[in-house]
Amino acid sequence: MSWMQRLAALLLAAVLCGGAFAQSTAAPPEATVADLRAQLDRIPDAVESSAEVRELIARINAIGAQADKFVSSRTGQLSDLNARLGELGNPPAEGAAAEDPDITRQRAALLKERNALDADIRLARLITVDAQQRGSELLAKRRALFEAQLTERAPSPLGRQFWFDINDAWPADVERLATLGDELRASFDTALEPAHRSAALASLTVALLLVLLGNWAAERGLAQLAARMLPAGRLRRSLLVLAIVAVNVLLVALAAQGVFATLERHGVWGPQVRKLAQAVVQSIIFIAFVVGLGRALLSNSRPSWRLPPIPDAMARRLAPFPWLTALIAVLVWAPTQINAVVEASFAAVVATHVVTALALTALIGTMLLRLHEPYGGPADAAAGAAEPPAEPDRPLWISFLLSAVALAVIVIWILVAVGYVAMASFLANQLTWTGIVASAFYVLFKFADDLFMALVSSRSDFGQKLQKTFGFAPRTLDQAAVVLSGLSRVALFFYMVIALATPLGTSPGEVFQRSGQFGTGVKIGEFELVPGAIFTAVAVLAVGFVALRVIKKWLEAHYLPETALEPGMQSSITTLLGYVGGILVVAVALSALGIGIERIAWVASALSVGIGFGLQAIVQNFISGLILLAERPVKVGDWVVLGNAEGDVRRINVRATEIQLGDRSTLIVPNSEFITKTVRNMTLANAEGRVLIRLPMPLNTDAQRTRELMLAACADHAGVLPSPAPTVTLEGIENGMLIFQAIAYVQSPRVAGGVRSDLLFAILDLLKAAGLPLAVPTMVMSPTEPPAPPAPTPPLPV
């Protein structure tokens, strides 16, 4: 470990220890159900501002979390009490023998304790439900306030009334700011007192070192660690971006929270300054996230690791914008928070909206100009680029997107000019927030793709292990990787839409809290679509089919070969298991999705009309396949003759059977053909093959000698079975020739043709060596009349 890494580790340990020391007060006792109900009842129903709504929602979420914690801590105790009551058994019936009084008292005490605990758990769950409902109501009120504020028109900054209102409200606002300034000075003086000075300065020093030096060391350490431990590829790049952003935010959050906790422990904060300090901590964390995300995406120090396809020249042009975004965010955020703390006048709020809209649109406009800046601009000249690289063609949708953003900036300026400053400020905030959210989820989308491609794809090490272990085909793994990536994209898109609908600077906790409203389901007609049920069904399908594949592979490779079953029967068992298991997995997945058996039956009855008209052949072939697997008139490995086709049965599928012909081609035969037509199964009862040879010999041939030679040829061939023994018979005389017939048996009909050819060669050689010629076909010549003489030629006239 280098000295820089050791220093970063020491800084991190120091801040953690400092935070722990600052918060080392005794842990508060766990709240009871009555306390939680009282806290929930004290939350007011009326709200006046969005900031108040956000504070109340945070309190409600804390109450709900405490109620869930209460339920979790009591569930185990309730299970223990039920188990102990079960051991004691039920009280004796009337008229039965009395039990031991100690057991009766013990049962009564346990039953009383169990009922009280069960009542508390039920009340705590009810508090959780009430908290969720109150949160939804507050969000609805917040939305109503927001809509009312957006449509409110204020004096235009281009008119006199805007400046007159600021001038009139100026003395009162200055007085409010003076009160805040006095409180800030008092807090500063308190921090510089000898009793608090050392702790305050130490926490600030450690925080600065952690933010500056810690981030610098963490980024380089993560880059070296990724290059050393992760294989080269897209996953390393996306994972490094996520790690850099997470570490930056974590270090800044530790530093900010450590300073706040230290000063809070020493009583530095006043009431208004404390609210402002809490907002400062949240804003610093948000700014750290934006800066870390922008720097990680641009990656100017490591261009080869850059995640988005941005040219180096454009990345250099955009390099200052993460810091500019942080600076503008501070300038926009500070007046807003101060207005909320000091309860500034309406004129000050309107002026803050104007500053927010103009500052953010100026930032966005500058970024658009920098994107359209040709090569050789100030950024490229400062970078010292030697020759202009080839600018890639920009996709059409990006051009439309940039044009839409430019149009939105112009609309915001018009809204500010006509006096709709609240709407203009909102649009500017949402435009900036949309860019931040889109950048963050772009990284998450890429990471999801790279993760599943690196883990499940057939080209990955883990995918190759899956191929060897479970026998998955490479194409199946590639398809699974694409499907898993698509599902993760759908889930991320769901949260991205929720995040886009929230205001600028919303925390991830509030995003998940909003997403929890959809966790109960969205009703479409009579069907309720629950996101959690969808993911559960997908997980059931994945786990079920993988388990089914493992069981089939175990049966094929280990169990069935040890039984006395034939190979065809073994294949039939595994095929039937695949059908039945697949149906069960799909049924369980549909049940997890909320589709019961009665709905499946309704769908089946609705499809019966289509089956009766258009799917008759498919259903007939499917039922025929089940009959083939059950009755087994034809099984895998049989040699069958169907019409003019003859070959081996290789596979019996759901709809058709595959037959491999002698020329190595595959014949696909519908299963119904084996049920409705005549099929010759060469190996159904006996797997042996027969070789038949008929030889014509002259009438004067030594028949006994010929028989001995043919039997000798059959006995010498290794493929001829000794039992049944080969036979040679004299069938008779045909056309003046003796007809000898040899019959031999071989192990399988598949080798009969080759053995017959070998025997013919051997018999012909033996007959030739013994001087026994084969019969020559007799050529019968029919006599023909001679041709008529030509007619005499008449003499020529003289």
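Structural notes on the environment of L369
When you line up the elements, L369 lands in helix α11 (residues 346-372). The exposed category is assigned to L369, whose relative accessible area is 65%. Linking L369 and A406, residues 37 residues apart in sequence, is a C-alpha distance of 9.9 Å.

As for the packing of aromatic side chains
Under the definition given, this model contains four aromatic pairs. Consider the rings of F162 and W163, whose centres lie 5.0 Å apart with planes at 90°: the pair is edge-to-face. When the centroid spacing of 6.2 Å and the interplanar angle of 35° are considered together, the rings of F286 and W433 count as tilted. Linking F286 in helix α8 (residues 271-298) with W433 in helix α14 (residues 421-455), this pair joins segments that are 147 residues apart in sequence.

Points about the sheet that holds strand β8 (residues 689-697)
An order of β8-β10-β9 is seen for the three strands of this open sheet, with the pairing classed as antiparallel. Every other strand in the sheet has two partners, leaving β8 and β9 (727-734) as the edge strands with one partner each. The sheet shows a mean angle of 20° between the axes of neighbouring strands, taken without regard to direction. Looking at chain direction, β9 and strand β10 (residues 737-746) are connected through seven bridges and run antiparallel.

Focus: the nonpolar core
It is characteristic of soluble globular proteins that their nonpolar side chains tend to be buried jointly. Of all hydrophobic cores here, the largest spans 28 residues; its most connected members are L318, I328, A357 and A424. Taken together, the elements giving at least two residues each to this core come down to α9 (312-318), α10 (321-342), α11, α13 (396-418) and α14. The element best represented in this core is α11, accounting for 10 residues. If we skip the residues at most four places from it in the chain, I328 touches A359, L360 and L363.

Topic: the pattern of salt bridges
This model, assessed by the stated rule, comprises 12 salt bridges. With a shortest N-O distance of 2.8 Å, D130 and R37 are connected by a salt bridge. Taken together, the positions of D130 in helix α4 (residues 101-150) and R37 in helix α2 (residues 33-41) put the pair 93 residues apart, joining distant regions of the chain. The closest approach of N and O atoms between D648 and R650, which form a salt bridge, is 3.7 Å. Since its relative accessible area comes to 8%, D648 is described here as buried. The class of R650 is partly exposed, set by a relative accessible area of 43%. One network of salt bridges, in which partners are shared, links R694, E731 and E734.

Quick notes on the rules
Residues numbered from 1 in each chain as written. Predicted model: local features only at pLDDT ≥ 70, side-chain atom pairs only at ≥ 80, totals over all residues. Heavy atoms only, no water. Helix = DSSP H or I, 4+ residues; strand = E, 2+ residues; numbered from the N terminus. Buried < 20%, exposed > 50% of the residue type's maximum accessible area, 1.4 Å probe, protein only. Phe/Tyr/Trp six-rings, centres within 6.5 Å; stacked < 30°, edge-to-face > 60°. Pairing = 2+ DSSP bridges. Axes fitted to C-alpha atoms, helices over the stretch in contact; angles between N-to-C directions. Core = buried A, V, L, I, M, F, W, Y, C linked by side-chain atoms within 4.5 Å. Contact = heavy atoms within 4.5 Å. Salt bridge = Lys/Arg side-chain N within 4 Å of Asp/Glu carboxyl O.

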